[in-house]
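One-letter residues, chain by chain:
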Amino acid sequence: QVQLVESGGGLVQAGGSLRLSCAASGSIFSINAMGWYRQAPGKQRELVAVIRSGASTNYADSVKGRFTISRDNAKNTVYLQMNSLTPEDTAVYYCNAEVATRVWSKYMDYWGKGTLVTVAS
């Protein structure tokens with residue numbers, strides 16, 4: 001019903017930048033929060049950043065001041081601008097969205113398949 005497709009991952013040198021994008025499509029009535037999570041090898045998935053429908057944002061302490069989350073509601077797309085990347089940022093980055101598929105329906109969580117970000121030292 002709802003698909004999230006991430007793009008923009010890749011290999012970058014430490015200190016570099018990447019911009020991730022995630023486009024939601026399908027049976028969408030409304031999107032509440034959209035966010036980015038990441039999972040490094042051997043670690044649990046963690047929240048990186050979230051942006052709500054009112055544009056308020058929250059960031060993990062480890063990325064504050066380096067990453068910026070934004071969204072284009074007209075395109076149902078969320079972005080993550082990542083600057084000053086370090087090897088510790090290496091992970092698979094997953095997009096998440098809280099989506100209502102119909103009027104009066106509950107918001108449900110949807111996930112993308114992930115995009116790999118590798119930061120070389």
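Residues numbered from 1 in each chain as written. Predicted model: local features only at pLDDT ≥ 70, side-chain atom pairs only at ≥ 80, totals over all residues. Heavy atoms only, no water.

## Some remarks on the state of the cysteines
Moving on, step 1. Enumeration over the complete set of coordinates arrives at 1 disulfide.
Moving on, step 2. Disulfide pairing places cysteine 22 opposite cysteine 95 at an S-S distance of 2.1 Å. Residues cysteine 22 and cysteine 95 share a disulfide whose torsion about the S-S bond is about -80°; that sign makes it left-handed. Of this pair, cysteine 22 sits in strand E3 (residues 18-26) while cysteine 95 is found in strand E9 (residues 91-100), placing the two residues 73 residues apart along the sequence.
Moving on, step 3. Residue classification places cysteine 22 among the buried residues on the basis of a relative accessible area of 0%. (Disulfide = S-S within 2.5 Å. Helix = DSSP H or I, 4+ residues; strand = E, 2+ residues; numbered from the N terminus. Buried < 20%, exposed > 50% of the residue type's maximum accessible area, 1.4 Å probe, protein only.)

## Here's the deal with the packing of aromatic side chains
Moving on, step 1. If you walk through the whole model with that rule in mind, you get 1 aromatic pair.
Moving on, step 2. For the pair tyrosine 37 and tryptophan 111, a centre-to-centre distance of 4.9 Å together with 65° between the ring planes defines the contact as edge-to-face. Separated by 74 residues along the polypeptide, tyrosine 37 in strand E4 (residues 30-39) and tryptophan 111 in strand E10 (residues 108-111) bring together distant segments of the chain.
Moving on, step 3. On the basis of relative accessibility, which here comes to 37%, the residue tryptophan 111 falls in the partly exposed class.
Moving on, step 4. The cationic tip of arginine 19 hangs over the ring face of tyrosine 79; the distance from NZ or CZ to the ring centre is 4.1 Å. (Phe/Tyr/Trp six-rings, centres within 6.5 Å; stacked < 30°, edge-to-face > 60°. Lys NZ or Arg CZ within 6 Å of the ring centre and 35° of its normal.)

## Considerations on unusual backbone geometry
Moving on, step 1. Phi at alanine 55 is positive, roughly 80°, even though this residue is not glycine.
Moving on, step 2. Turning to its location among the elements, alanine 55 is positioned in the loop between strand E5 (46-51) and strand E6 (57-59).
Moving on, step 3. Phi at tryptophan 104 takes a positive value of approximately 75°, unusual for a residue other than glycine.
Moving on, step 4. Structurally, the position occupied by tryptophan 104 is in the loop between E9 and E10.

## Let's talk about the pattern of salt bridges
Moving on, step 1. What the rule picks out here adds up to 4 salt bridges.
Moving on, step 2. One salt bridge connects arginine 38 with aspartate 89, and the closest N-O pair in it is separated by 2.9 Å. Taken together, the residues arginine 38 in strand E4 and aspartate 89 in the loop between strand E8 (77-82) and E9 connect sequence positions 51 residues apart. The residues arginine 38 and aspartate 89 share a single accessibility class, namely buried.
Moving on, step 3. For the salt bridge of arginine 66 with aspartate 89, the shortest nitrogen-to-oxygen distance reads 2.8 Å. Linking arginine 66 in the loop between E6 and strand E7 (67-72) with aspartate 89 in the loop between E8 and E9, this pair joins segments that are 23 residues apart in sequence. Each member of the pair arginine 66 and aspartate 89 is classed as buried. (Salt bridge = Lys/Arg side-chain N within 4 Å of Asp/Glu carboxyl O.)

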